[in-house]
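Observations on the model geometry
What follows is the residue order along each chain.
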Amino acid sequence: MEKDIKEVLITEEEIKEICKRLGEQISKDYEGKKLFLVSVLKGAVVFMADLMRNITCDCEIDFMAVSSYSGTKTTGVVKFKKDLDINPEGCDILLVEDILDSGITLSYLKNVLLQRHANSIKVCTFLDKPANRQADIEADYVGKVVPDEFIIGYGLDYNEKYRNLPYVGILSPEVYSKK
């Protein structure tokens, strides 16, 4: 795996600091509210696990699985693979995402949850890549803004590989341009 990395973009130590900073701010903002963290599978599960350990207010968690990607490109169509196990009505939802890229997936999820009468919906993304935004959506909490590169590690993948890297790296173009 290491040979496929062009460069390390975010180190393990930087990841810890990002999770701590975001956790402190979220704890402050949601004190006394019914916080419901919703992780977008699969990529955000690693980030959400670290983030929630840095949140000091009461919170519940659940997962949704959707996809709008095939390989390295968005298809523009969101496919639902797993829905929430609980009814979000009246909850203050924080959608936890690994990377806000095109915005298509998060925009779709936000609209679905609004239709289900959530009290509030905000977005927390580990990484924000505004260069590729196709939907009108911004994150309320951002770990780090990243360049328009193919990023892997810390939950982010290329064809289900590299999720287990403990840092965030830029994938060498030779890896994904072989196809």
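Just so you know, these numbers come straight off a predicted model, no measurement behind them.

Moving on, we come to helix H1 (residues 12-30). Compared with the 27 Å implied by 1.5 Å per residue over 19 residues, the 27 Å span of H1 between its first and last C-alpha is a close match. Every buried residue belonging to H1 is among Ile-15, Ile-18, Cys-19, Leu-22, Gly-23, Ile-26, Ser-27 and Tyr-30, and all of these are buried. With its buried residues spanning 155° around the axis, H1 presents them on a single face. Taken from the residues just after H1, Gly-32 is the one with a positive phi, measuring 80°.

At their nearest, the axes of H1 and helix H2 (residues 45-52) sit 8 Å apart, and the two run at 60° to each other. With respect to H2, the element H1 is oriented oblique. Crossing of H1 over H2 shows right-handed handedness. Taken together, the residues of H2 that come into contact with H1 (itself represented by Cys-19, Leu-22, Gly-23 and Ile-26) are Phe-47, Asp-50 and Leu-51. Along the lines of polarity and charge, the residues of the contact of H1 with H2 split into five nonpolar, one polar and one charged.

With that out of the way, let us pick up the side chain of Thr-125. Here Thr-125 is to be found in strand E6 (residues 120-128). Beyond its immediate chain neighbours, meaning those up to four positions away, Thr-125 contacts Phe-47, Glu-97, Asp-98, Ile-99, Leu-100, Ala-139, Tyr-141, Val-142 and Gly-143.

Here H2 has its buried residues at Phe-47, Met-48 and Leu-51. The buried residues of H2 all sit within an arc of 95° when viewed along its axis, so they share a single face.

A separate point is the environment of Tyr-167. On the secondary structure map, Tyr-167 appears in the loop between strand E8 (151-152) and strand E9 (168-171). Given a relative accessible area of 10%, Tyr-167 falls into the buried group. Sequence-distant contacts of Tyr-167, that is, excluding residues within four places in its chain, are made with Glu-2, Ile-5, Val-8, Ile-10, Thr-11, Glu-12, Ile-15, Ile-152, Gly-153 and Tyr-154. Separated by 2.8 Å, the side chains of Tyr-167 and Glu-2 make a polar contact.

Quick notes on the rules
- Residues numbered from 1 in each chain as written.
- Predicted model: local features only at pLDDT ≥ 70, side-chain atom pairs only at ≥ 80, totals over all residues.
- Heavy atoms only, no water.
- Helix = DSSP H or I, 4+ residues; strand = E, 2+ residues; numbered from the N terminus.
- Expected span 1.5 Å × (residues − 1).
- Buried < 20%, exposed > 50% of the residue type's maximum accessible area, 1.4 Å probe, protein only.
- Arc of directions from axis to C-beta.
- Axes fitted to C-alpha atoms, helices over the stretch in contact; angles between N-to-C directions.
- Parallel < 35°, antiparallel > 145°, perpendicular 65-115°, else oblique.
- Left-handed = near helix turned anticlockwise from the far one by under 90°.
- Contact = heavy atoms within 4.5 Å.
- Nonpolar A, V, L, I, M, F, W, Y, C, P; charged D, E, K, R; others polar.
- Polar contact = N/O pair within 3.5 Å; in protein donor to acceptor, adjacent residues only side chain to side chain.

None of the figures reported here should be taken as evidence of function without further support.
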